[in-house]
2 protein chains.
Amino acid sequence: MKQKKDTETNNSASNPERPLLRIPNLEYGVLDNLLGFALRRAQNTLFMDFYRATADYDISPQRFAALVLIAENKNIRQAQLAEALGLHRSGALRLVAWLSERGWVERHDDDIDARAWGVSLTQAGSTILGELTKVVQEHDFNIQRIVGDRNSQLKTDLELIAKNGLTAINVEN
Amino acid sequence: MKQKKDTETNNSASNPERPLLRIPNLEYGVLDNLLGFALRRAQNTLFMDFYRATADYDISPQRFAALVLIAENKNIRQAQLAEALGLHRSGALRLVAWLSERGWVERHDDDIDARAWGVSLTQAGSTILGELTKVVQEHDFNIQRIVGDRNSQLKTDLELIAKNGLTAINVEN
DNA sequence: TATTGTTATACTCTATAACTATA
DNA sequence: TATAGTTATAGAGTATAACAATA
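Summary of the structure given here. Since the model is a prediction, treat every value here as computed from it, not as a measurement. (Residues numbered from 1 in each chain as written. Chains lettered and ligands numbered in written order. Predicted model: local features only at pLDDT ≥ 70, side-chain atom pairs only at ≥ 80, totals over all residues. Heavy atoms only, no water.)

1. Overview of the pattern of salt bridges
All told, the structure shown has 16 salt bridges over all chains when counted by the stated rule. The partner of arginine 150 of chain A in a salt bridge is aspartate 157 of chain B, and the shortest N-O contact between them spans 2.5 Å. On the criterion of chain membership, the pair formed by arginine 150 of chain A in the loop between α5 (123–146) and α6 (151–164) and aspartate 157 of chain B in helix α6 (residues 151–164) is interchain, its members lying in two chains. Overall, the relative accessible area of 3% leaves aspartate 157 of chain B in the buried class. (Salt bridge = Lys/Arg side-chain N within 4 Å of Asp/Glu carboxyl O. Helix = DSSP H or I, 4+ residues; strand = E, 2+ residues; numbered from the N terminus. Buried < 20%, exposed > 50% of the residue type's maximum accessible area, 1.4 Å probe, protein only.)

2. Looking at the relation of the copies chain A and chain B
Mapping chain A onto chain B is achieved by rotating through 180° and translating by 0.0 Å along the same axis, at an RMSD of 0.0 Å. The superposition of one copy onto the other is thereby described by a two-fold rotation axis. Every residue of chain A has its C-alpha some distance from the rotation axis, and the shortest such distance is that of leucine 154 of chain A, at 3.3 Å. Comparing contact sets, 100% of the residues at the interface of chain A also lie at the interface in chain B, consistent with an isologous, same-surface contact. (Least-squares fit on C-alpha atoms with pLDDT ≥ 70 in both. Contact = heavy atoms within 4.5 Å.)

3. Overview of helix α4 (residues 89–101) of chain A
Residue and element names in this part refer to chain A. Taking 1.5 Å per residue, 13 residues should reach 18 Å; α4 reaches 18 Å between its end C-alpha atoms and fits that length. All buried positions along α4 are accounted for by Gly91, Ala92, Leu95, Val96, Ala97, Trp98, Leu99 and Ser100. As for α4, its buried residues are in contact with α2 (61–72), α3 (78–85), β1 (105–109) and β2 (117–121). In the segment just after α4, glycine 103 is the residue with positive phi, at about 75°. (Expected span 1.5 Å × (residues − 1).)

What follows is the structure in structure tokens.
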């Protein structure tokens with residue numbers, strides 16, 4: 001039964017993690033050779049700085065990404081959002097419901113397929129996204145600045161890994 | 001009251017996330033400019049491949065890291081482990097309890113400070129860690145191979161970000 | 001008074017399974 | 001029979017707060 005679920009998602013953006021910094025007098029052994037460990041620590045730092053930068057908003061990287069995707073893709077469906085964000089349908093539902101409760105997005109019937117919603121930004125959502133985009137970009141550029149002119153190569157390499165690191169993972173449902 | 005907690009932690013390594021891949025006909029807008037988004041996707045891929053590689057063991061990156069730190073640092077304390085892994089004390093307790101239930105680590109009194117445990121590997125833990133290390137390194141090198149001879153620079157840059165990306169984050173407790 | 005570890009509890013995220021409506 | 005979305009529920013991870021023992 002298709003029916004909007006708009007109430008009682010009382011979750012606030014999960015507070016970041018704690019810092020995951022190198023402790024001076026500790027031996028890290030093989031961890032020092034692992035790209036995975038370095039990636040995890042960089043991700044942790046970036047994550048925490050994201051939350052610092054967006055402290056005025058109850059937002060998360062995922063919520064921000066959802067807003068952008070909704071803004072950029074006219075009447076995107078929840079299932080598409082789920083796939084793009086690596087979520088199960090039920091997770092995408094929660095996310096859209098949360099954004100909807102805040103009045104940032106709205107769902108309307110899809111002309112072609114009566115089972116689906118088309119999700120779009122409201123005026124308020126558009127305003128918020130504008131503010132957020134500025135804040136997030138500034139935060140991200142500050143991080144990019146750390147590696148100087150290698151920032152472009154770094155991003156390219158990370159995208160290469162994202163794309164080519166999975167051989168054949170099956171995901172049901 | 002210091003007393004070992006060794007029973008009933010019935011959690012198995014949380015199954016990875018779903019793939020977070022680029023969807024062909026979707027517009028990503030500003031997300032394409034963000035290092036954070038690329039980092040998140042690379043992390044997701046690496047994470048999933050870690051689970052694929054270690055599917056024979058009920059392990060996670062964090063559990064593996066804990067084993068290595070325990071092996072490399074004689075009689076490490078839970079609080080040190082917590083700090084090194086970016087966890088609260090209570091989280092480190094859970095982790096050590098889980099490893100202990102499997103007979104991979106053991107806690108003994110710290111000679112210097114009676115409040116603390118010294119955590120160390122058992123013989124069984126040492127064996128498991130040996131196997132795991134081989135598997136994890138192979139997985140990680142496969143990922144590193146994707147970026148060819150830039151793998152070293154990539155790791156360096158990620159460590160730079162991990163270290164310098166946090167200005168002044170306060171963590172209580 | 002601060003710190004190590006423990007316990008109990010709560011919250012967030014995400015998934016699974018069963019379901020309705022539509023294709 | 002498959003797909004979009006919903007609902008209810010459960011599992012895993014992590015945090016907070018209060019506590020005991022020790023420093």
